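# Architecture at a glance
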Amino acid sequence: MRARTRTGLGALAAGVVSVLLAGTASAAPAPGAPGVGDTYYPNAGNGGTDVLHYDIRLTYQPATDLLSGTTTLLLTATQDLSRFDLDFALKASSVRVNNRPARFTNQNGNGELVVTPAQPLLKGQTATVVVAYADTPSTETVDGLNAWKKGSFGALGIDEPQSSAWWFPANDHPTDKATYDVTIEAPDGNTAISNGTLVRTSKSRAGWTRWQWRSTKPQATYLTSFIVGKYDLVQSATPDGKPFITAYGADLGDSLYAAKASVERTPEINEFLATQFGAYPFEAEGGVVTSGIGFSLENQTRPTYGARNFRAGSNTTLVAHENAHQWFGDDVSLGRWSDIWLNEGFASYAEWLWSEHEGEGTVAELAQYTYDSNPADGDLWKLVPADPGADNQFDNAVYDRGALALQALRTAVGDQAFFSILKTWVAQKGGSHGRILEFIALAEKISGKPLHDLFQTWLYTAGKPSVGPNGAAALTARVAPVKPRSYDQIQQNHRFLHAEHAG
């Protein structure tokens, strides 16, 4: 929806006055805002800066949970800045901006590191910011929460919507993506894992090994992973030559082979998803399976899977879900956290696509069964996927009703237009972010159909739609719904995701 633009002589006069005022006076540098304006998380991200690159160099001791080192940020000022914030939960020991010591305040309780450079940063200026720190992440909280995972499995900087604050200072919002070099030194016998490609391992002192990882494509902070522990690292290549790196916790026990039978099929699954969404967007593929989390997360190039997802056997629908996020959520990130449907509804729909590909239930069957088996007064229809609220971002309505909305769109516009919409969305927004209204506008443009009522019904209105996702034709011969073979597995995937985040 486009806002109405003021026209006429009054607007012209106002424009002239503003230009004259801008030419005669310049505002003094001002502090950057502590957040980007996301209503779900007011302190997420920071105003006034655009981070281009992170160089993270850390040493981690699992026995004591001591994390120490430096993060160097290359950032551009988007306004004249007297000071700026970084999202960070740990205690900084020094900050330098353009090689000069800067004043700083650790506001650890609300996760803000406030930096005042020796000289203001001017709009358009690129600055080098170096933050040194040493702290124990498991002891630090932000608004009473801690996203760091520590246990017999080692340590994990893995969570959504925030996790980076517990291991590196950042502009922690998906609208500010950057490239990364992540180097982690850990005691011998441990594996240190992050995103992208493994550049090298090296030893600079006895008993310790450094692991250097590089991510060359724009990447959101919450998708950047820190994993240290005892893992079996497997390195190979995809059929088209990309690095394919997987890792499995040493404590997976009876789940190990089921996990491998699922995650090792990642290149095959991504080949299929590429036929639906367009070319795979990143430089590497892989996955990590750990006992340290119960949910799974779409960390860029290398999703992290909770081991319990494989206790009942192989689970390729989950692998399809997390890798679909490489397109929807990672390459095209959400513009605000209220846009979570653009991530989870699409990844859930990919589970249905993979199920049909594997012969375990078609998309139409899964959509109809989901619709039919949830009564009108059921929880699935109480939340609206387009704005579920911060406490309900991972509610099943975002996943299942979100996928139903896409099937309703496909029914309305036809297969050719539907998959053209998905591929065009990724092609136009890849490397950046998008909003739900932008997706709706693209769908109307490509299909040539008015879709306001459809999206209003499926995304913005509580209550069970009167017509199912496959259209009125599906109502002509009502029979008892038959459960597709993949349905229970997909539902369990979603329950694990919701339960972990709700807890």
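It should be emphasised that the depicted structure is a prediction, and the values quoted were computed from it without experimental measurement.

### Details of empty space enclosed by the protein
In the structure shown here, the tally under the stated rule is one cavity of 30 Å³ or more. The computed volume of the largest cavity comes to approximately 40 Å³. If you go around the largest cavity, you meet eleven residues; those closest to its centre are Ser296, Glu298, Glu344, Tyr399 and Leu497. Listing elements by their share of the lining of the largest cavity, those giving two or more residues are helix 4 (316-324) and helix 11 (487-502). Looking at side-chain class alone, the lining of the largest cavity contains three nonpolar, four polar and four charged residues.

### Focus: the side chain of histidine 53
Along the chain, histidine 53 falls in strand 2 (residues 49-61). Among the residues examined, histidine 53 registers a relative accessible area of 17% and is labelled buried. Polar contacts involving the side chain of histidine 53 include one to the side chain of threonine 179, which spans 2.7 Å. With residues up to four places along the chain from it excluded, the contact list for histidine 53 reads Thr72, Leu73, Leu74, Ala178, Thr179, Tyr180 and Asp181.

### Details of the confidence of the model for the protein chain
Low-pLDDT stretches of the model should not have their predicted coordinates read in fine detail. In this model, the protein chain carries an average pLDDT of 93, and 92% of its residues clear a pLDDT of 70 or more. This model gives residues 1-25 a pLDDT under 50, and the stretch forms two contacts once residues within four places in sequence are excluded.

### Focus on the environment of leucine 122
Mapping leucine 122 onto the fold places it in the loop between strand 8 (112-116) and strand 9 (126-135). Leucine 122 gets classed as partly exposed once you look at its relative accessible area, which sits at 47%. Distance in space between the C-alpha atoms of leucine 122 and valine 426 is 34 Å, their sequence separation being 304 residues. Ignoring any residue separated from it by four or fewer positions in sequence, one finds leucine 122 in contact with Ala77, Gln79 and Asp80.

### Re the sheet that holds strand 11 (residues 154-157)
Read from one edge to the other, the open sheet built from four strands follows the order 10-11-16-13, with strand pairing classed as antiparallel. Sheet topology places strand 10 (149-151) and strand 13 (191-193) at the edges, where each strand pairs with a single neighbour. Neighbour to neighbour, the strand axes of the sheet diverge by 5° on average, direction disregarded. Summarising the sheet, strand 10 and strand 11 pair through three bridges and their orientation is antiparallel. Across the sheet, residue lysine 150 finds its bridge partner in strand 11, namely alanine 155.

### Observations regarding the pattern of salt bridges
The full count for this structure, using the stated rule, is 18 salt bridges. In this structure, the salt-bridge partner of aspartate 181 is arginine 214, at a minimum N-O distance of 2.6 Å. Of this pair, aspartate 181 sits in strand 12 (residues 178-187) while arginine 214 is found in strand 15 (residues 208-219), placing the two residues 33 residues apart along the sequence. Overall, aspartate 181 belongs to the buried group, its relative accessible area being 8%. Where lysine 382 meets aspartate 379, a salt bridge forms, and the shortest distance between an N and an O atom there is 3.1 Å. By relative accessible area, which is 57% here, aspartate 379 ends up exposed. A single network of salt bridges, built from pairs that share partners, joins Lys91, Asp135 and Glu140.

### Here's the deal with helix 9 (residues 436-447)
Between its first and last C-alpha, helix 9 extends 17 Å over twelve residues, near the 16 Å set by a 1.5 Å rise per residue. By the burial criterion, the buried members of helix 9 are Ile436, Phe439, Ile440, Leu442, Ala443 and Ser447. Buried residues of helix 9, seen end-on, are gathered within an arc of 160° and therefore sit on one face of the element. Facing away from the buried side of helix 9, by more than 90 degrees, are the exposed residues Leu437 and Lys445. Turning to helix 9, the residues buried within the fold contact helix 5 (341-358), helix 7 (396-413), helix 8 (415-429) and helix 10 (452-459). Looking one or two places after helix 9, you find glycine 448, whose phi comes out positive at around 70°.

### Side note on the sheet that holds strand 9
Strands sit in the order 6-5-9-3-2-12-15-14 across an open sheet of eight strands; the sheet is mixed. Strand pairing shows two members of the sheet lacking a second neighbour, strand 6 (100-101) and strand 14 (197-202), which therefore form its edges. The sheet contact formed by strand 2 and strand 3 (residues 66-77) spans twelve bridges and is antiparallel. Bridge pairing in strand 3 places threonine 49 opposite alanine 77.

### Describing the packing of aromatic side chains
Centre-to-centre distance and the angle between the planes together describe a pair of aromatic rings. Throughout the structure, instances matching the rule amount to 31 aromatic pairs. Between tyrosine 41 and tryptophan 337, the aromatic rings sit 6.4 Å apart at their centres with planes inclined by 85°, giving edge-to-face as the arrangement. With tyrosine 41 in the loop between strand 1 (30-31) and strand 2 and tryptophan 337 in the loop between strand 22 (332-334) and helix 5, this residue pair connects regions lying 296 residues apart in the sequence. Each member of the pair, tyrosine 41 as well as tryptophan 337, carries the same accessibility label: buried. Members of the aromatic cluster, joined through ring pairs, are Phe277, Tyr280, Phe282, Trp327, Phe328, Trp341, Phe346, Trp425, Phe439 and Phe455. It is lysine 260 that lies over the ring of tyrosine 248; its NZ or CZ is 5.4 Å from the centre. Here the basic side chain of lysine 464 rests over the ring of tyrosine 371, its NZ or CZ set 4.4 Å away from the ring centre.

### Describing the environment of glycine 111
You can see glycine 111 is positioned in the loop between strand 7 (103-107) and strand 8. Among the residues examined, glycine 111 registers a relative accessible area of 5% and is labelled buried. Sequence separation between glycine 111 and threonine 197 is 86 residues, and the spatial gap between their C-alpha atoms is 30 Å. Residue contacts for glycine 111: discarding those within four places in its chain leaves Leu86, Asp87, Phe88 and Val142.

Definitions and cut-offs
- Residues numbered from 1 in each chain as written.
- Predicted model: local features only at pLDDT ≥ 70, side-chain atom pairs only at ≥ 80, totals over all residues.
- Heavy atoms only, no water.
- 1 Å grid on protein atoms, 1.4 Å probe; cavity = no way out; pocket = protein on both sides within 12 Å on 5 of 7 lines; lining within 4 Å.
- Points joined across faces, edges and corners; volume = space filled by probe spheres on them.
- Helix = DSSP H or I, 4+ residues; strand = E, 2+ residues; numbered from the N terminus.
- Nonpolar A, V, L, I, M, F, W, Y, C, P; charged D, E, K, R; others polar.
- Buried < 20%, exposed > 50% of the residue type's maximum accessible area, 1.4 Å probe, protein only.
- Polar contact = N/O pair within 3.5 Å; in protein donor to acceptor, adjacent residues only side chain to side chain.
- Contact = heavy atoms within 4.5 Å.
- pLDDT = per-residue confidence, 0-100.
- Pairing = 2+ DSSP bridges.
- Axes fitted to C-alpha atoms, helices over the stretch in contact; angles between N-to-C directions.
- Salt bridge = Lys/Arg side-chain N within 4 Å of Asp/Glu carboxyl O.
- Expected span 1.5 Å × (residues − 1).
- Arc of directions from axis to C-beta.
- Phe/Tyr/Trp six-rings, centres within 6.5 Å; stacked < 30°, edge-to-face > 60°.
- Lys NZ or Arg CZ within 6 Å of the ring centre and 35° of its normal.

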